[in-house]
Amino acid sequence: MQDGMKKWMQLPRDILVGHGVINNISDVCRDLKLGKDPLIVTGTTTKKIAGDVVCDLLEDCGYNAHVVSSTDASMSEVERVKKEATEHKSSYLIGVGSGKSIDVAKYAATQADVPFLSVPTAASHDGIVSSRASIRTEGKATSVEANAPMAVIADTEIISKAPFRLLAAGCGDIISNYTAVKDWELAHRLTNESFSEYAAALSLMTARILIDSADSIKPDLESSVRMVVKALVSSGVAMSIAGSSRPASGSEHMFSHALDMVAPEHALHGEQCGLGTIMMMYLHGGDWRSIKESLETIGAPTTAEELGIEDKYILEALLVAHTIRPERYTILGTGLTPAAAEKVARITKVIS
Ligand SMILES: NC(=O)C1=CN([C@@H]2O[C@H](COP(=O)(O)OP(=O)(O)OC[C@H]3O[C@@H](n4cnc5c(N)ncnc54)[C@H](OP(=O)(O)O)[C@@H]3O)[C@@H](O)[C@H]2O)C=CC1
Ligand SMILES: O=C(CO)COP(=O)(O)O
Ligand SMILES: [Zn+2]
């Protein structure tokens, strides 16, 4: 099946980015006429950082809020959250936390046909705003269609206190737009796949602005968080325009998804995608060195060692990456030979 575009562009209605915007949560619920019965889906660490705060803020305003902690972005967790929502008669879900909590809330809300709000505690990838969810089924992560959040509330005060590694990962996820768009153009030329100039241009512009500002992305700075969050929103909008993750997910994401499958421990999504971008840009014959330099400037990993993953898993992932999503044509084509995989990883100094 072709990796085509949907005709229905779904975008968030309210997007709040700034210091202390979490305090506007009840205003947003009121603005969207969501009612008084939300279920907050949060993570173990992020519950203490923001999940409980959101609950208290809503209860203080007369809401009947409930909290459920989720540990894993899996189908069984989605089912558990749906059950909780039914038990509490929740009329909408609020995902508060990292990628896992947001995806579980997003997909459970989509399946239950209720609205969903996204309250990220880290700017680690563009799923905070997208209409996709990564959910594991039978041990395999799949990106599924979901409803976009009705609102995104990104409090830069909270996000700036998250480990810097998460912000650097978010940058890796944005930088990967470069190879994602190259792959999409290739597929358009070779397989006549639908291509959106607008979605591709927005995706590339987002990555370019971020790379141009790479040396001003620093730990503990709300201005850095603001920049990255805006880029993630922009990247998410590009995916919404395309109706698929094509403008922000190509061969570098397939490499990251493959690494999730083959490596015993995986790193952060955005870190793996950033590393994948270096290697896929080499395969495209593009300027992989400047991708590597930008990631280094930001402080994101650019080698297997920095990623904490053994070289052999990098090579294994390179060999199976093309099988991850066969309908999505990329520079990986029908697959690399072992010699080609080793060459790209060595030349780009991802492995030594
Ligand atoms: N829907 C989409 O389009 C996309 C989805 N994804 C998916 O998202 C997931 C990855 O998300 P990612 O956010 O990178 O990683 P994780 O969801 O694995 O979160 C990483 C860790 O960071 C913690 N954390 C988050 N915020 C803070 C904070 N403020 N302070 C301290 N710790 C914090 C989390 O705590 P806690 O334990 O509380 O969660 C968690 O332990 C994957 O499942 C991936 O497949 C990735 C890209 C796009
Ligand atoms: O991570 C994404 C975009 O950054 C979503 O892509 P996938 O469709 O590969 O999950
Ligand atoms: Zn991504």
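- In the nomenclature of an unreviewed UniProt entry, the protein chain is known as Glycerol-1-phosphate dehydrogenase [NAD(P)+] of Methanolobus zinderi.
- Quoted verbatim from the Pathway (unreviewed entry) field of UniProt, the annotation for the protein chain is "Membrane lipid metabolism; glycerophospholipid metabolism."
- Reading the Subcellular location (unreviewed entry) entry of the UniProt record for the protein chain gives the comment "Cytoplasm".

Examining the site of ligand 1
- Taken together, 31 residues surround ligand 1, and among them Gly43, Ser98, Gly99, Gly127 and Ser134 come closest.
- Secondary structure elements with two or more residues in the shell around ligand 1: α2 (44-60), α4 (99-112), β6 (132-137), α6 (164-175) and α11 (269-283).
- Residue composition of the shell around ligand 1, grouped by class: 11 nonpolar, 16 polar and 4 charged.
- When we break the shell around ligand 1 down by domain, the ones giving at least three residues each are domain 1 (14-160) and domain 2 (164-347).

Looking at the domain arrangement of the protein chain
- One can read the domain layout of the protein chain as domain 1 (14-160) and domain 2 (164-347).
- Using C-alpha coordinates to define each centre, domain 1 is positioned 26 Å away from domain 2.
- On the domain 2 side, the residues contacting the 24 residues of domain 1 number 27 residues.
- When contributions to the side of domain 1 that touches domain 2 are tallied by element, the ones reaching two or more residues are β1 (14-18), β7 (140-145), β8 (151-155) and α5 (156-160).
- Examining the composition of the side of domain 1 that touches domain 2, we find that 4 residues originate from one element, α5, more than from any other.
- Looking at side-chain class alone, the side of domain 1 that touches domain 2 contains 11 nonpolar, 9 polar and 4 charged residues.

Some words on unusual backbone geometry
- One non-glycine residue, lysine 89, lies in the positive phi region at around 50°.
- Residue placement: lysine 89 occurs in the loop between α3 (75-87) and β4 (92-97).
- Phi is positive for asparagine 192, which is not a glycine, with a value near 65°.
- Along the chain, the position of asparagine 192 falls in the loop between α7 (177-191) and α8 (197-212).
- Using a count of 9 C-beta atoms within 10 Å as the deciding quantity, one classes asparagine 192 as exposed.

Comments concerning the UniProt feature "binding site: glycerol" (unreviewed entry) in the protein chain
- When the UniProt feature table is mapped onto this chain, "binding site: glycerol" (unreviewed entry) is found at Asp126, Asp173, His253 and His269. Sequence-wise these annotated residues cover 144 residues; spatially they are packed, their C-alpha atoms never more than 12.5 Å apart.
- One can find aspartate 173 in helix α6.
- Under the C-beta neighbour-count criterion, aspartate 173 is labelled buried, with 33 such atoms within 10 Å.
- Filtering out sequence-adjacent residues up to four positions away, aspartate 173 remains in contact with His125, Asp126, His269, Gly270 and Cys273.
- Relative to the elements of secondary structure, histidine 253 occurs in helix α10 (residues 251-262).

Quick notes on the nonpolar core
- Among the nonpolar cores identified, the biggest contains 119 residues, and Val54, Leu93, Ala105, Ile153, Cys171, Val228 and Leu318 are the most heavily contacted of them.
- Viewed by domain, this core spans two of them, domain 1 (14-160) and domain 2 (164-347), each represented by three or more residues.
- If we skip the residues at most four places from it in the chain, cysteine 171 touches Leu210, Ile217, Val228, Ile298 and Ala300.

Considering the confidence of the model for the protein chain
- Taken over all residues, the pLDDT of the protein chain has a mean of 96, while the share at 70 or more is 98%.
- Predicted complex, confidence summary: ipTM 0.98, pTM 0.96.

Thoughts on α7
- Over its 15 residues, α7 extends 20 Å from the first C-alpha to the last, a length consistent with the 21 Å expected when each residue adds 1.5 Å.
- Along α7, the residues classified as buried are Asn177, Tyr178, Thr179, Ala180, Val181, Lys182, Asp183, Trp184 and Ala187.
- The secondary structure elements touched by the buried residues of α7 are α6, α8, α9 (222-242), α10, α11 and α12 (288-298).
- Directly after α7, the chain includes asparagine 192, whose backbone phi takes a positive value near 65°.

Quick notes on the sheet that holds strand β3 (residues 66-69)
- The parallel open sheet is built from 6 strands, whose spatial order is β1-β8-β5-β4-β2-β3. Lying at the two open borders of the sheet, with one neighbouring strand each, are β1 and β3. Between one strand axis and the next, the sheet turns through 15° on average, direction left out of account.
- Where strand β2 (residues 38-42) and β3 come together, 4 bridges link them in parallel fashion. Across the sheet, the residue bridging to leucine 39 is histidine 66, located in β3.
- Packing against the sheet, α3 makes contact with β2, β3 and β4, and its axis sits at approximately 155° to β2.

Structural notes on the site of ligand 2
- Inspection of the region around ligand 2 gives His125, Asp126, Arg132, Ser134, Ser143, Asp173, Ser245, Ala248, Ser249 and His253 as its neighbouring residues.
- In terms of residue class, the shell around ligand 2 is built from 1 nonpolar, 6 polar and 3 charged.
- There are two domains that each give the shell around ligand 2 at least three residues, and those are domain 1 (14-160) and domain 2 (164-347).

Thoughts on α11
- A rise of 1.5 Å per residue sets the reference length of α11, with its 15 residues, at 21 Å; its end C-alpha atoms lie 21 Å apart and thus fit the reference within 8%.
- Judged by how many residues are buried, α11 sits mostly within the fold: 15 of 15 residues are covered.
- At the C-terminal side of α11, glycine 285 shows a positive phi close to 75°.

Conventions used here
- Residues numbered from 1 in each chain as written.
- Chains lettered and ligands numbered in written order.
- Predicted model: local features only at pLDDT ≥ 70, side-chain atom pairs only at ≥ 80, totals over all residues.
- UniProt positions renumbered as here; feature names shortened; annotations may be inferred.
- Near = placed C-beta within 6 Å.
- Helix = DSSP H or I, 4+ residues; strand = E, 2+ residues; numbered from the N terminus.
- Nonpolar A, V, L, I, M, F, W, Y, C, P; charged D, E, K, R; others polar.
- Domains from an automatic or database assignment.
- Contact = placed C-beta atoms within 7 Å.
- Buried ≥ 20, exposed ≤ 12 C-beta atoms within 10 Å, placed from the backbone.
- Core = buried A, V, L, I, M, F, W, Y, C linked by C-beta atoms within 7 Å.
- pLDDT = per-residue confidence, 0-100.
- Expected span 1.5 Å × (residues − 1).
- Pairing = 2+ DSSP bridges.
- Axes fitted to C-alpha atoms, helices over the stretch in contact; angles between N-to-C directions.

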